[in-house]
Amino acid sequence: MKTLSKLTVLVAAILFVSCKQNPAESPEHKAMVEKHKTMETSHETMAQEHNAMKDDHQQMVNAHKTLENDSIHVITEKKHTDVLAKHGELIAAHKALIEKHAELEAKHVSGEITLEQMTKEHESMSAEHETMEKEHQKLASEHKRIKEEDEKMIKEDQEKEKEGEADKE
């Protein structure tokens, strides 16, 4: 009888372990993995836009070298430099968030954390990601505004220069 009890307990334990769902197969985990892919895509877009901003900045600096009244443009360059710096910090923080999110996935798959813990942390990280995306949009808009303002000023300076040359003739 003792052997039958031990055998029953052993079979019950095996069934319990074998029936336990793989954490990676849970709908919540799969949703988290999809959100992670979205975060990575968003990050790639942010990084590409940051590189474009840096290119725009260099073009701005180069265009300013030929202008006589450069003090206004120096102020514009400073504003743009500040936007670039803030955006660079945002990119770095977002990359760190993505890495933290990947660690969360690994901890959940390995069973190191529960579904509840994973869900709570994932929701917090998702909210942080959304905040970062909004900040990115704000900085991208500020970059666009500064760029347009600078292009307008350069055009006005070039027109004044042409008028001055026409007056000399």
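Conventions adopted
- Residues numbered from 1 in each chain as written.
- Predicted model: local features only at pLDDT ≥ 70, side-chain atom pairs only at ≥ 80, totals over all residues.
- Heavy atoms only, no water.
- Helix = DSSP H or I, 4+ residues; strand = E, 2+ residues; numbered from the N terminus.
- Contact = heavy atoms within 4.5 Å.
- Patch = residues over 30% accessible without salt bridge, like charges linked within 9 Å, V, L, I, M, F, W, Y side chains within 5 Å.
- Areas by Shrake-Rupley, 256 points an atom, 1.4 Å probe, with all protein chains shown as cover.
- Salt bridge = Lys/Arg side-chain N within 4 Å of Asp/Glu carboxyl O.
- Lys, Arg positive; Asp, Glu negative; His and termini not counted.
- Charge placed at Lys NZ, Arg CZ, Asp CG, Glu CD.
- Buried < 20%, exposed > 50% of the residue type's maximum accessible area, 1.4 Å probe, protein only.
- pLDDT = per-residue confidence, 0-100.

Draft legend 1. Structural context of the overall build of the chain. Looking only at helices and strands, the chain has four helices and zero strands in total. Along the chain, helices (α) and strands (β) appear in the sequence α-α-α-α when read from the amino end. Sequence separation of at least 24 residues holds for 82% of the intrachain contacts in the chain that already meet a minimum separation of 6.

Draft legend 2. Summary view of a negative patch on the surface. Residues Glu156, Glu159, Glu163 and Asp167 make up a contiguous surface patch of negative charge. In this fold, Asp167 is placed in helix H4 (residues 115-168).

Draft legend 3. Summary view of the pattern of salt bridges. Applying the stated criterion across every chain, the model contains nine salt bridges. Residue Glu130 pairs with Lys35 through a salt bridge whose shortest N-O separation is 3.0 Å. Of this pair, Glu130 sits in helix H4 while Lys35 sits in helix H2 (residues 27-64), and the two are 95 residues apart along the sequence. Residues Asp56 and Lys147 are paired through a salt bridge, measuring 3.4 Å at the closest nitrogen-oxygen approach. Of this pair, Asp56 sits in helix H2 while Lys147 sits in helix H4; the two residues are 91 residues apart in sequence, bridging distant segments of the chain. By relative accessible area, Asp56 is classed as buried at 17%. Beyond isolated ion pairs, a larger network of salt bridges with shared partners links Lys79, Glu142, Arg145 and Glu149.

Draft legend 4. Structural context of the confidence of the model for the chain. Averaged over every residue, the pLDDT of the chain is 83; the share at 70 or more is 85%. The lowest-confidence element of the chain is helix H1 (residues 2-19), averaging 45 in pLDDT; the highest-confidence one is helix H3 (residues 71-110), averaging 92. Low pLDDT, under 50, characterises residues 9-19; the stretch is placed with zero contacts to residues that sit more than four places away or in other chains.

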